[in-house]
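Summary of the model geometry
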Amino acid sequence: MSTPASSSRIAGFHKLPIAERVEAVARFAGLEPGECAHLLDTGNLPAELADHLIENVVGTMNIPVGIATNMRIDGEDRLIPMATEESSVVAAVCNAARQCYDAGGFVTSMSGTLMIAQIQLTGVSDPQLARLRILERKAEVQASCDACDPVLLQLGGGFRDLEVRVLETRGGTMVITHIVVDTRDAMGANAVNTMAEKLAPQIAGWTGGRTNLRILSNLADRRLARARCVWPLAAIGGEAVRDGMLSAYHFADADPYRAATHNKGIMNGISAVVLATGNDTRAVEAGAHAYAARNGRYASLTHWEVTAEGDLAGSIELPMAVGLVGGATKLHPTAKIALKVLGVRSAEALARTIAAVGLAQNFSAMKALATTGIQKGHMALHAQNIAMMAGALGEEIERVARVLVAKGTVRIDVAEAELKALRAG
Ligand code: MEV
C-alpha cells in the first residue's frame, strides 16, 4: 500500500535524490511546478554540496551578503562580509566605523582559543574523593585527549587543562569534569566531543560512577574575543548625543528587558559575519547570552564610558567560538570567499574582527535610538521591501519607497495605491 500524499510518514525520504524529495513535498503541500523549480535552483551552493551538509535537502535559502566598509582593526583596513536578511545592519557597521576611522578604529585581543568539553558523572557516593581521583590523573587525561587528534597536536593545539566541579542538582550530586583544549583554527566541537567520549569510560572506572553526557560547552569563556574603540566627541555629534548613548547603555546594563534587545542588536552584527564565514551562529549566540548572564543577572555585552578627553569609549568581551577549518567554513563556496575578503589568517583574528563588528553595531544602534529613533533609517530600507511586496519593479521600487517614507506610512496598502497611481501616469 503506497503512502497517501497527506502523510508525513515518507519511508526512505532521506535516501531519495533531491528532485524526488521535492516531488514528495510537492504532493504533500500542493506545490506548483514553478515552486518546485524554485526549490531546485540552489543558486551558488551546488545541490550536491547542500545534500552533504544536512539531511533531507530540498533546496537552499539565499540570504543577502553585504560588505561593511570603513573598518580599521588593529591598524589594518578590513572589508567585512555580512550575511543578513535585516535592513540597516550593514549600514550601521559602516556608519559606526566611519565615525572612528580617523581616530584609529578598533583595537582587539583574545584570551585564547580554548574550548571546554564536559563529562557528567552521576551515582558517586563520595563526590569529593571522586573529584580528586580524577584531578590526580591529569597526565593520563592529557595523553588520552592528545592521542585523539595528532593533527591538532602538530598544529600546536591539544589538551591544556583539567577542572572538576562537584555540582548539586535536583537529581542529586554530580561530578562534572571539564577538559580544556586548545583547538587553534578549528571551532573545535568535533575535536573536544571525541576526546570527551573517549575519556568518559576511564572516568567512570576511576570513580565507580556512571557517566552520562559528554559534550562541549557553548559557554566558551576560555575563548573570549575583545574589542575596544574610542569615538571622538566631535565625530559623534557632541555631548548631548554622547550622554544619550551613555544613558542607553546604563539602561541596558541595569535591565534585562532592555539588555536582551541591546544584545540582540550586537548579535545582528556578530551573527551576520559568523554566518557569512560558514560558522555556527547558534553556538556563538548561546555563548554570548550565557556570558551576558554570568554574574547571575542578564546584562549588556558591551561597556561604555567617557574618557578624560570627553570622548566615548566602548568595549566588548564575549565568547567567540569560530573557526577557519571544519564545518561549512571550508566547504561553502561563499564562506570561502568571505574569508578571503576578510583576509584573516587565524580563527583568533576572525574572532577578534567579529567582536569589533559587534561593538560597531551597538554604537550605531544606541546612537540611532538616543537621537532620531531607529525607525527613520529602518523605514527607508523597509519601504523598499514593502514596495517590492506591492509588485514594484526596477525604478518603481525606489520611487514608491520614497513616497511611503515621505508620507510616513510604510504600509502595503499605501504602496499598492502608490504603484497603481504611478503606473497610471
Ligand atoms: C534591531 O534589530 C536591533 C535594535 O533593536 C538594537 C537595540 O535596540 O539596541 C535596534
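Residues numbered from 1 in each chain as written. Predicted model: local features only at pLDDT ≥ 70, side-chain atom pairs only at ≥ 80, totals over all residues. Heavy atoms only, no water.

The criterion, for reference: UniProt positions are given in the numbering used here, feature names are shortened, and annotations may be inferred rather than shown by experiment.
Under the annotation held in an unreviewed UniProt entry, the chain carries the name 3-hydroxy-3-methylglutaryl coenzyme A reductase and is attributed to Hydrogenophaga crocea. Under the UniProt heading Sequence similarities (unreviewed entry), the entry covering the chain gives this text: "Belongs to the HMG-CoA reductase family."

Concerning the site of the ligand
Defined as follows: If even one non-hydrogen atom of a residue comes within 4 Å of a molecule or strand, that residue is called near it. For the purposes of these results, a polar contact is taken to be a pair of N or O atoms within 3.5 Å, where, inside protein, one atom must be able to donate a hydrogen and its partner to accept one; residues adjacent in sequence count only when each atom of the pair is a side-chain atom. Here, Shrake-Rupley sampling with a 1.4 Å probe gives the accessible areas, and only protein chains in the shown set may cover a residue. Runs of H or I in DSSP of at least four residues are treated as helices and runs of E of at least two as strands, each being numbered from the N terminus.
Close to the ligand lie E86, R258, T261, H262, K264, G265, N268, A365, L369 and I374. Contacts to the ligand include R258, whose side-chain N or O atom sits 2.8 Å from an oxygen atom. Coverage of the ligand by the protein chains reaches 86% of its 300 Å² of free accessible surface. Residue assignment for the shell around the ligand shows that the elements contributing at least two residues are α11 (256–276) and α14 (347–370).

As for the packing of helix α5 (residues 127–135) against helix α8 (residues 189–207)
As a reminder, the rule being used: Comment: axis = line fitted to C-alpha atoms, over the contacting stretch for helices; angle = value between 0 and 180 degrees taken between N-to-C directions. In this scheme, roughly parallel covers angles under 35 degrees and roughly antiparallel covers those over 145, while 65 to 115 is roughly perpendicular and the rest are oblique. If you view the pair so one helix is near and one far, a crossing is left-handed when the near helix is turned anticlockwise from the far one by less than a right angle, and right-handed when it is turned clockwise. Whether two residues touch is decided by their heavy atoms; if any such pair falls within 4.5 Å, the residues are in contact.
Contact geometry for α5 and α8: axes closest at 9 Å, N-to-C directions at 125 degrees. Between α5 and α8, the crossing angle belongs to the class labelled oblique. Regarding α5 and α8, the two cross each other, and that crossing is right-handed. Facing α5, whose interface residues are A130, R133 and I134, α8 presents I203, W206 and T207.

Regarding the side chain of S87
To keep it simple, the criterion reads: Any residue under 20% of the maximum accessible area for its type is buried, any over 50% is exposed, and the rest in between are partly exposed; the area is computed with a 1.4 Å probe on protein chains only.
Note that S87 resides in the loop between β2 (76–83) and α4 (89–101). With a relative accessible area of 18%, S87 lands in the buried category. Beyond its immediate sequence surroundings of up to four residues, S87 is in contact with H378, L381 and H382.

Focus on the packing of α11 against helix α12 (residues 281–292)
Packing of α11 against α12 brings their axes to within 9 Å, and their N-to-C directions diverge by 150 degrees. In terms of their interaxial angle, α11 and α12 are classed as roughly antiparallel. In the crossing of α11 with α12, the sense of the turn from one axis to the other is right-handed. When α11 is examined against α12, the residues N263, M267, I270, S271, V274 and L275 are found in contact with a partner set consisting of T281, V284, E285, A288, H289 and A292.

Focus on the environment of D185
Structurally, D185 can be placed in the loop between β6 (172–182) and α8. In sequence terms D185 and T302 are 117 residues apart; their C-alpha atoms lie 25 Å from each other. Every residue in contact with D185, bar those within four places of it in the chain, is listed here: G323, L324, V325, R345, S346 and A347.

Re the sheet that holds strand β4 (residues 114–122)
Convention followed: At least two bridges found by DSSP between two strands are what make those strands a pair.
Spatially, four strands are ordered β5-β6-β4-β7 in an open sheet, and the strand pairing comes out antiparallel. Each having just a single partner strand, β5 (158–169) and β7 (210–216) make up the two edges of the open sheet. Each strand of the sheet is rotated relative to its neighbour by a mean of 20 degrees, with strand direction disregarded.

A look at the sheet that holds strand β10 (residues 312–319)
Taken together, four strands build an open sheet; the order of strands is β3-β8-β10-β9 and the sheet is antiparallel. In this open sheet, the two strands that pair with only one neighbour each are β3 (107–110) and β9 (302–306). Recorded for the sheet is a direction-independent mean angle of 15 degrees between the axes of neighbouring strands. Sheet topology places β9 next to β10; five bridges connect them, and they run antiparallel. Bridging from a neighbouring strand, T302 pairs with I316 of β10. Sheet contacts for helix α10 (residues 239–254): β9 and β10; angle to β9, the most-contacted strand, approximately 140 degrees.

Let's talk about the pattern of salt bridges
We apply this condition: In the sections that follow, a salt bridge refers to a side-chain nitrogen of Lys or Arg positioned within 4 Å of a carboxyl oxygen of Asp or Glu.
Counted by the stated rule, this structure contains 20 salt bridges. The salt bridge partner of R137 is E140, with a shortest N-O separation of 3.9 Å. Residue classification places E140 among the partly exposed positions, given a relative accessible area of 40%. A salt bridge links D182 to R160; the nearest nitrogen and oxygen atoms lie 3.6 Å apart. You can see D182 sitting in strand β6 and its partner R160 sitting in strand β5, a full 22 residues away along the chain. Given a relative accessible area of 36%, R160 falls into the partly exposed group. Linked by salt bridges that have partners in common, K138, D161, E163 and R222 make up one network.

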